[in-house]
Amino acid sequence: MTIPMEYGLWLAAILFCIGLAGVLVRRDVIFMLMSVEVMLNAAGLAFIVGGAARGSADGQVMFIFILAMAAAEVSVGLALIIQLYQTFKTLDADSAGGLNG
Amino acid sequence: MKEFLWLIVALPFAGSLLLALAGKHLPRLASAMIGVGSVALSAILVVLVGLDFLHENPAGVPFHQTLWQWINVSGFSPGIAFQLDSVSLTFIFVITFVGALIHLYSAPFMWKEEGFARFFSCMNLFVGFMLLLVLADNFLLLYLGWEGVGLCSYLLIGFWYKDPANGHAARKAFTVTRVGDTAMVIGLFILFTNYHTLNIRDILHAAPHTWAPGSRIAITTAFLLLGGAIGKSAQVPLQTWLPDAMAAPSPVSALIHAATMVTAGVYLIARTHVLFELAPIAQNGVAVIGAITLIVAGMAAIYQHDIKKVLAYSTISQIGYMFLALGVGAWSAALFHFMIHAFFKSLLFLGAGSVIAVLHDEHNMYKMGGLWKKMPVVFWTFLVGACALSALPLITAGFYSKDEIIWQAYASEKGSITLWLTGLAGAFITALYTFRMVFLTFFGQAKAEPSYRPGLGMTLPLVVLAFLSFAGGFIQLPDNMGHVTLFSHFIEQVLPAAPTPGTATTHAAAISATTATGATATYTAASGHAAEWIAQSIAAALSIAGLVLAYRLYYNKPFPAAEPIRGPIQQFFFKGWNFDALYDKVIVQPIVFLSRIDKNDIIDQFYTSLASIAGWFNKRLASTQNGKLRWYAMALAIGTVITLTILLCT
């Protein structure tokens, strides 16, 4: 049985919105990073669904790219989080607001 | 040895650079050794180079040394090149020798000051630029030195920059001399457009063939160059900066504002004497300015209470004598007085500096007194300097140099009775203010105790300079007494002899100044020895009269230890004939007024409004940068939604 493309796309959109809401609402940077991961995977899901609908492997190739990029982003992000914690002794993103104009 | 001419200039520059770069990390002793050593080495080199120069060519053929091409643009090709002849040799001798003594004096004098290395760096830089000025073989290099010494003067007047008054004095010196410099640079432009070169020798060779004597262009150029000389040498009407320049430390006043830099104007006029001879009106102007200045400054000196200001006005007045000599064509007399003046005036400044230093920065002569027993070395050397300045007859060098000028003001064909009488009046005034200073400072009731005695480093230069102020005069004696012409013969290798009416002056050629046997030239004044005897006696009697008057008025009188009370006339002279107030009214205030009413014109308003609009946007946009990460993410999301909406719905 085949799942219609619309279902997959809706799922991706819902996942993306959940991730975005997480980024906007959460103050804890670790949760913000996790929410970003959710958004990335939502985008990846959209690629795969689109690729499957057209019967090509392009979508899956794009997902591999996204995966590699996400891994790099997480390593940088975690290093930044450690620095943030060492400097401010907290994980609250709002505490690092020293660049306000 | 002559090939080492460049090293004379390079050494002070090297010392200055070293002190400027590494001065902060060097101990004081090392700074002092670099500062004093570089100039002392230069002085030794000058002696060696000078002896070599005199031995090799007794006729005084100028020696040229080109180091490298400076600029080469469509025919305009000044080089970094030096010219050594008897005039520049005299100047570099005085600059390095007096300079080295003053540097030696400065080391103990400035020892406790902050910025010790900075001081020596600036002093060395000054010596370097001054040497560049007098050795330059083209006007561009001369101008570089000219502005360089102005810069060093500015830096050193404002040496104690924490007091705003000193900074003000420094700016005033810079601005006022700039008025003269502007005139001078226009004169140089005229020279360049006419001769297509700035080489001094070429211009002086070409000028008599291209410009007719008394032609308008020659007169204009000579007056413009005179403007530069007036500014640098603090002559009327640009003399106002020099009294304020006394804010500098005393060694600076001795070196820059007495011995060397302020005589740069004398050098410039002597160097370009051909142009001034082509413009008799301008040369006459030089004499008149000198005569006016020596009276104006002399009168002001009588009413000062600050010992350094007395010396400052005295310097202006003595340079007035040099200008008078230049103006009547007595070139060698002017340079002779320059040299002797450098000796005794730097001696007086250093002596005054010692007095000021041991009395805890006390400048007021009325608060001194009775120091002659307590500071014997300073007193006796100061007295020798004072005698030389007042030109006491027969024993002092100042008599022989100043008498020559006063005599030439009368005897030269360009001289006149008026100039002669002015010179005589100046001699009287000089003796009066000089001994007023001596009696107030060293005699009478002691009003302050010296805190220490100056050490050997400070007294040794005083003694050497005192010896020179005494003995320096005997290298040039008037023809009615002794008739020694070592100096004038030496100078007349380059500059013409004083134009005496009637007789032609004949020289025994090839006379070396080093071999004293050569002084056999005949030089007879037309007016005869009798007239010269009478003139000398009058001058001598007037200087002694000045001394006696000062003795009657000021010796052992119980003056209160405060500023004297002055009447309106005394106040007028005390303020230096109110030149400052006059310039303030005539020049400064109108310009300030004009700039104030012009501040808000339409163009300014346009640019001000541009700036305020940019400022308004800055405020609005800056408030969006609140430093909150989630806020930025939200803005990004909303922006994306809006963009997508626009893309999808249109």
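Here, the structure is the one placed above.
Just so it is clear, the model here is predicted, and its values are computed rather than measured.

(A) Representation of the overall build of chain A in the model. A count of helical and extended segments in chain A gives 3 helices and 0 strands. Along chain A, helices and strands appear, N-terminal first, in the series α-α-α. Against the globule reference of 13 Å for 101 residues, chain A gives a C-alpha radius of gyration of 17 Å, more extended than a compact globule. Taking the contacts inside chain A whose residues are at least 6 apart along the sequence as the reference set, 55% of them involve residues at least 24 apart. Working note: accessible area of chain A is about 6700 Å², and carbon and sulfur atoms make up 73% of it. The positive charge centre, built from 4 side chains, and the negative charge centre, built from 7, are 6 Å apart in chain A.

(B) Seen up close, the overall build of chain B. When helices and strands are counted, chain B shows 25 helices and 2 strands. Computed over its C-alpha atoms, the radius of gyration of chain B comes to 29 Å, within 12% of the 26 Å expected for a compact globule of 650 residues. The C-alpha extent of chain B, read off along each of the three principal axes, is 115 × 65 × 50 Å. A separation of at least 24 residues holds for 80% of the contacts in chain B among residues at least 6 apart in sequence. Here chain B has roughly 26500 Å² of accessible surface; of this, 70% comes from carbon and sulfur atoms. Once the 35 positive and 29 negative side-chain charges of chain B are each reduced to a mean point, those two points are 14 Å apart.

(C) Broad picture of a nonpolar patch on the surface. Residues and elements named next belong to chain B. On the surface, M1, F4, W6, L41, I44, L48, L67 and W68 cluster together to form a nonpolar patch covering roughly 750 Å² of accessible area. At the level of secondary structure, the elements contributing two or more residues to the nonpolar patch comprise helix 2 (28–56) and strand 1 (63–69). Per element, the largest residue contribution to the nonpolar patch is 3 residues, and it comes from helix 2. Positionally, F4 belongs in the segment before helix 1 (5–22).

(D) Looking closely at the state of the cysteines. Applying the stated criterion to the full structure yields 0 disulfides over all chains. The structure places no disulfide on C17(A), whose sulfur is separated from the nearest cysteine sulfur, that of C649(B), by 16 Å. Judged by relative accessible area, which is 62%, C649(B) ranks as exposed.

(E) Inspection of the interface of chain B and chain A at higher detail. Each side of the interface is counted separately: chain B has 10 residues, and chain A has 14 residues. Taken together, the two surfaces of chain B and chain A that pack against each other cover about 920 Å², and 61% of this comes from carbon and sulfur. For the chain B face of the interface with chain A, the top three residues by lost area are G627(B), L629(B) and R630(B), together amounting to 53%. Inspection of the region where chain B meets chain A yields 1 salt bridge.

How each quantity is defined
Residues numbered from 1 in each chain as written. Chains lettered and ligands numbered in written order. Predicted model: local features only at pLDDT ≥ 70, side-chain atom pairs only at ≥ 80, totals over all residues. Heavy atoms only, no water. Helix = DSSP H or I, 4+ residues; strand = E, 2+ residues; numbered from the N terminus. Rg over C-alpha atoms; globule rule 2.2 N^0.38 Å. Contact = heavy atoms within 4.5 Å. Areas by Shrake-Rupley, 256 points an atom, 1.4 Å probe, with all protein chains shown as cover. Lys, Arg positive; Asp, Glu negative; His and termini not counted. Charge placed at Lys NZ, Arg CZ, Asp CG, Glu CD. Patch = residues over 30% accessible without salt bridge, like charges linked within 9 Å, V, L, I, M, F, W, Y side chains within 5 Å. Salt bridge = Lys/Arg side-chain N within 4 Å of Asp/Glu carboxyl O. Disulfide = S-S within 2.5 Å. Buried < 20%, exposed > 50% of the residue type's maximum accessible area, 1.4 Å probe, protein only. Buried area = accessible area lost by both parts, 1.4 Å probe.

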